[in-house]
Amino acid sequence: MNFLRGVMGGQPTGPQPTGAETIQKLCDRVASSTLLEDRRDAVRALKSLSKKYRVEVGNMAMDHLVRILQTDRSDTEILGYALDTLYNIVCNDEEEEPEENQQKQEDDLGAQFTDKFVQEPENVTLLLTLLEEFDFHVRWPGVKLLTALLKNQCAQVQGIILVSPMGVSRLMDLLADSREVIRNDGLLLLQQLTKGNAAIQKIVAFENAFERLLDIITEEGSSDGGIVVEDCLLLLLNLLKNNSSNQNFFKEGSYIQKMKPWFEVGDDNSGWSAQKVTNLHLMLQLVRVMVSPVNSPGATASCQKAMFQCGLLQQLCTILMATGVPADILTETINTVSEVIRGSEVNQDYFASVNAPSNPPRPAIVVLLMSMVNERQPFVLRCAVLYCFQCFLYKNHKGQGEIVATLLPSTIDANSISAGQLLCGGLFSADSLSNWCAAVALAHALQDNLTQKEQLLRVQLATSLGKPPVSLLQQCTNILSQGSRVQTKVGLLMLLCTWISNCPIAVMHFLHNQDNVPFLTGQISENLGEDERLVQGLCALLLGICIYYNDNSLENYTKEKLKQLIEKRIGKENFVEKLGFITKHELYSRAAQKPQPAFSTPEHMLFDHEFTKLVKELEGMITKAVLKSSEEEKKEEEVKKTLEQHDSIVTQYKELIREQDSQINELKEQVTVLASQNEKMQSTMTQQLSQIQQHKDQYNILKLKLGKDNQQTGNQAEAAHVNGLQPEELSQLREQLEELQRQNQLLQTQLGEKDSLITSLKAEGLPSADGSTSEVTVLQREVELLKAQLQRQTAEITQLQSERQELLRGSDTTAAVPGENSLYYTEKIAELESRLSAQTAENQKLKAEVKTLLESQESMEKDLASATSTAAIMQAEKSKLQQEVQESKKEQDDLLMLLADQDQKILSLKQRLKDLGETIEDEDDLDSKDQFDDDDDEEEEEECDE
């Protein structure tokens, strides 16, 4: 303990050890002491020495301190001392302001000790487990140590935490800590953790970070809150910037709607604190992250829609028109509104309807343009207004038309200031920055809008009293020729290039002035300074546009004459070199990076983002057009016309082949249907023929049976006469039998007629109608019933004959007992008469049924006749369809021969172009050839199938 007293400031008793010796002894005590109190005192002493002797403690004690964290987990006090000591080693003190060299040395020390600590990933994992301790003396220094490690070696520590189980979730728990100091330092820790790591950003977002951070912002007072709100907003920016997944999650979670209360401002906006300005600035940046032009168009459009629906855009426009808002907040609000309305038709329409609270009310666009052309306004504010105007006109043909309409004579109102008047005023102002901004703004009113380019040609300007008005186009060229500043010239040249590009009428108006072409050629051919090279390049671009989009309507300035003029006055190679000055300029590359004009000084405002796209599109085409000779152009035009003609012919043949293919497919479908119907009819006819044959066989058998029965009946009658029956009775019986025979004969005749009808149908082989099957079935049943009835009659006749025989046999005994025999005979005769009367009734019934059968036969004959006619019609249609298919195939063969000839001609023309040195894009032709080959293969397959 005396040793410790000496270290901590007691009275010296002898020679004092050096700092390194003291630290070495303390490390030995930490490593060798068995008592926890001794180790705790030694670690406390190391903590007190760690700031003054940072290098020595870091080199000697780091391993011992890590071992303390591993072994003494039960004592929170020693854990706190060890964590504080490690923090002092790796942390670079930011509170003091040392010299630059000293600060650099400390940064190097922090990175060096951090590397040593994270060489063992288990050390970081151990630190994550210690953060689960709720004790303040462990958790707080642990948070600070991990934050310092992330500051020094962010990527390496992020990788260890990312693979650590539940590592990010443990850190997210810090936001729920009830102790504000730990929660606030946890925010700083998460800021460092989420820098530049999309995977960790996604994990943090899905750990419900958005909900927690927005709740903290609301609890702390939103924009009126303190530094905690700023930390939450910085963390939100880390999570959302350049992370489309988190942006979509933020939008889908309806968190955009929760941002609206942030931007509620009162009538009195004076006296804003610096913290409030910072908070609101970050909130506006957060809105811009969601609708940034670098995001995917679909995600940006959905966020813009959500901001309009929840009223966030309306709230921003309120700040835009409010009074007393600080200049930097107003500038950032203008930039934010710009990106919220950019490319969104609904938001652009709403912005056009916003009015400033003035008397009389003026549109917000007019108020903003007044600031843009006012040279007394701050430079950043004027840039923001220009960006807002550009975003308002981006893909907004309706807005472009409204701006141009304010310049037309029929819509000018002398009593009010319009956007067009402000742009013209800025265009011809003495301030070069106003000239440039107005020219770029007016160029955006013409961007990709041929109608407005032609409408702007109608604008006339009164330059001075007593002189006739001049067109806006002519006035721009007049200012160019007056020797203005470079910034003014560049702005006017960008306006003219945008105006006349892809507009032959505007080119004709520009060339109609005899002074314009000599001015341009003079500017390009002169040897000017470095600053004027950009002007020369833009003049070359303007002259090249006059050549490329020239419709040769002016005889003095046709394409060929302008190229000859360039060759004589400038030289083609020199012209192309001057044209290349544009893209080689440093500010051109800077402007091409993003739509927002961001320049450090007004002098650097030379290029517009949309104009850089136009230059990139036109440079190659103009160079090619200028370097070509007239003969090459004529040949190329001829080849193009020939190719266009061949393309039109090929297109016609393609359409014709498609139509014929569709017709052939329809005919094939019809043939298939008819074939299936024919098969069904054939099967039905076969079934009917088999049934008719069965009926015929059954009828022949029945006929044979009836013949035998009739023969037996005749023999019995003769026997009865021979045996001596009474003639009257016998004659009566004979009459009855003859009647029965006649009836049987009639039935046989009817059955014969049926048989002949069936035989004729079979000989003709005609298909039956759809209902013939059921009718034949009914006829068959009726014939079978008739057979059964005839069989019953035959049996009854046989029985009568047997009874007569018995009567004949009994007549020999009538002499012995005449009374009894006579009575018996009388009874039998009466019984026979009753049976004969019943048989007669049955015969009448059979006649009626035969009549019904005859009627059914007639109906069936009609159905068969109808089926015969239907089959004949279908056969004719089938023959006609087959003939049409053959004709279509023949026409296709002729067309394919013509297409082959045309393809050969096209290939020969392309070969001629290649021989002339031209590069031919033949993808369409290859596609056409492939299409024809495919069609040919399909036809061959169809022929094989048939």
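In this report, the structure presented in the accompanying data block is examined. (Residues numbered from 1 in each chain as written. Predicted model: local features only at pLDDT ≥ 70, side-chain atom pairs only at ≥ 80, totals over all residues. Heavy atoms only, no water.)

Regarding the overall build of the protein
Note the cut-off: In DSSP terms, a helix is any run of H or I states spanning at least four residues, a strand is any run of E spanning at least two, and both are numbered starting from the N terminus. In this scheme, a residue with accessible area under 20% of its type's maximum is buried, one over 50% is exposed, and one in between is partly exposed, where area comes from a 1.4 Å probe on protein chains only. By the convention used here, residues are in contact when the closest approach between their heavy atoms is within 4.5 Å. Each accessible area value is a Shrake-Rupley result obtained with a 1.4 Å probe; residue values ignore everything except the protein chains displayed when judging cover.
On a plain count of helices and strands, the protein comes out with 41 helices and four strands. Here the protein holds 946 residues, and 46% of them are scored as buried. Counting contacts in the protein only where the partners sit at least 6 residues apart, residues at least 24 apart contribute 73% of the total. With the model as given, the accessible surface of the protein reaches about 48,300 Å², and the carbon-plus-sulfur share is 50%.

A word on the packing of helix H8 (residues 136–152) against helix H9 (residues 154–163)
The cut-off we apply is this: Structural elements are reduced to axes, namely lines fitted to C-alpha atoms, with helices fitted over the stretch in contact, and the angle between N-to-C directions of any two is expressed from 0 to 180 degrees. In what follows, roughly perpendicular refers to angles from 65 to 115 degrees, roughly parallel to angles under 35, roughly antiparallel to angles over 145, and oblique to any angle outside these ranges. Only Asp, Glu, Lys and Arg are considered charged in this grouping, and only Ala, Val, Leu, Ile, Met, Phe, Trp, Tyr, Cys and Pro are considered nonpolar; every other residue, Gly among them, is considered polar.
Axis separation between H8 and H9 bottoms out at 5 Å; the angle between their running directions is 125°. The angle between H8 and H9 falls in the class oblique. Two secondary-structure elements touch here, H8 through Leu146, Leu149, Leu150 and Asn152 and H9 through Cys154, Val157, Gln158 and Ile161. Broken down by class, the residue content of the contact of H8 with H9 amounts to six nonpolar, two polar and no charged.

As for a nonpolar patch on the surface
As a reminder, the rule being used: Residues enter a patch when their relative accessible area is above 30% and they make no salt bridge; the linking distance is 9 Å between like charges and 5 Å between nonpolar side chains (Val, Leu, Ile, Met, Phe, Trp, Tyr). For this document, the term salt bridge refers to a Lys or Arg side-chain nitrogen within 4 Å of an Asp or Glu carboxyl oxygen.
A cluster of nonpolar side chains, contributed by Leu162, Val163 and Ile203, occupies part of the molecular surface with about 250 Å² of accessible area. Examined against the element boundaries, Ile203 turns out to sit in helix H12 (residues 198–206).

Side note on the nonpolar core
Among soluble globular proteins, nonpolar side chains are generally buried collectively. Keep this limit in mind: To qualify as a nonpolar core, a set must consist of buried Ala, Val, Leu, Ile, Met, Phe, Trp, Tyr and Cys residues joined through side-chain atoms within 4.5 Å.
The biggest cluster of nonpolar side chains holds 208 residues, and the ones touching the most others in it are Leu146, Leu171, Trp262, Phe263, Phe351, Trp499 and Leu541. When sequence neighbours within four positions are dropped, the list of residues in contact with Leu146 reads Val124, Leu127, Leu128, Leu131, Val157, Ile161, Leu171 and Leu189.

Focus: the environment of Gln536
This is how the line gets drawn: We define a polar contact as two N or O atoms separated by no more than 3.5 Å, with the added condition that, inside protein, one atom must be a possible hydrogen donor and the other a possible acceptor, whereas residues neighbouring each other in sequence contribute only through side-chain atom pairs.
Among the structural elements, Gln536 can be located in helix H31 (residues 533–548). Leave out the neighbours within four places in its chain, and Gln536 touches Gln523, Ile524, Glu526, Asn527, Leu528, Lys578 and Phe581. A distance of 3.0 Å separates the side chain of Gln536 from the backbone oxygen of Gln523, its partner in a polar contact. Looking at Gln536, its side chain comes within polar contact range of the main-chain oxygen of Ile524, at 3.4 Å.

Quick notes on the packing of helix H29 (residues 504–512) against H31
Selection criterion: Crossing chirality is assigned from the near helix's rotation relative to the far helix, an anticlockwise turn below a right angle marking it left-handed and a clockwise turn marking it right-handed.
Relative to each other, H29 and H31 sit at 120°, their axes nearing to 9 Å. For the crossing formed where H29 meets H31, the hand is left-handed. Contacts between H29 and H31 involve Val507, Phe510 and Leu511 from the first element and Leu542, Ile545 and Cys546 from the second. Class assignment for the residues of the contact of H29 with H31 results in six nonpolar, no polar and no charged.

A word on the pattern of salt bridges
If you walk through the whole model with that rule in mind, you get 19 salt bridges. For Asp177, the salt bridge is made with Arg179, and the minimal N-O distance between the two is 3.0 Å. A relative accessible area of 7% places Asp177 in the buried class. Within this structure, Arg40, Asp41, Arg44, Asp75 and Glu77 form a network of salt bridges that share partners.

Some thoughts on the side chain of Asp608
The following threshold applies: Working convention for charge: Lys and Arg count positive, Asp and Glu count negative, and His plus the chain ends are omitted.
Within the element layout of this structure, Asp608 appears in the loop between helix H35 (586–591) and helix H36 (609–627). No salt bridge is formed by the buried Asp608, whose closest oppositely charged neighbour, Lys613, lies at an N-O distance of 9.1 Å. Once you skip the residues sitting within four places of it in the chain, Asp608 turns out to touch Gln390, Trp436, Val440, His444, Met494 and Ala591.

Overview of helix H4 (residues 54–71)
This is how it is decided: Between the first and last residue of a helix there are one fewer steps than residues, each counted as 1.5 Å, and that sum is the expected span. At every residue, the bend is computed as the angle between two fitted axes, covering the seven residues ending there and the seven beginning there respectively.
Between its first and last C-alpha atoms H4 spans 24 Å; for 18 residues at 1.5 Å apiece the expected length is 26 Å, and the two agree. Taken as a whole, H4 carries its principal kink of about 60° at Ala61. Here H4 has its buried residues at Arg54, Val57, Gly58, Ala61, Met62, His64, Leu65, Val66, Ile68 and Leu69.

Focus on helix H30 (residues 516–525)
Most of H30 is tucked away: seven of the ten residues are buried. Residues of H30 that are buried include every one of Asn516, Val517, Leu520, Thr521, Gly522, Gln523 and Ile524, and no others. Structurally, H30 contributes buried residues whose contacts are with helix H27 (472–481), H29, H31, helix H32 (559–569) and helix H33 (572–579).

Remarks on the side chain of Glu610
Mapped onto the elements, Glu610 comes out in helix H36. Setting aside residues no more than four positions away along its own chain, Glu610 makes contact with Arg342, Tyr394, His444 and Gln447.

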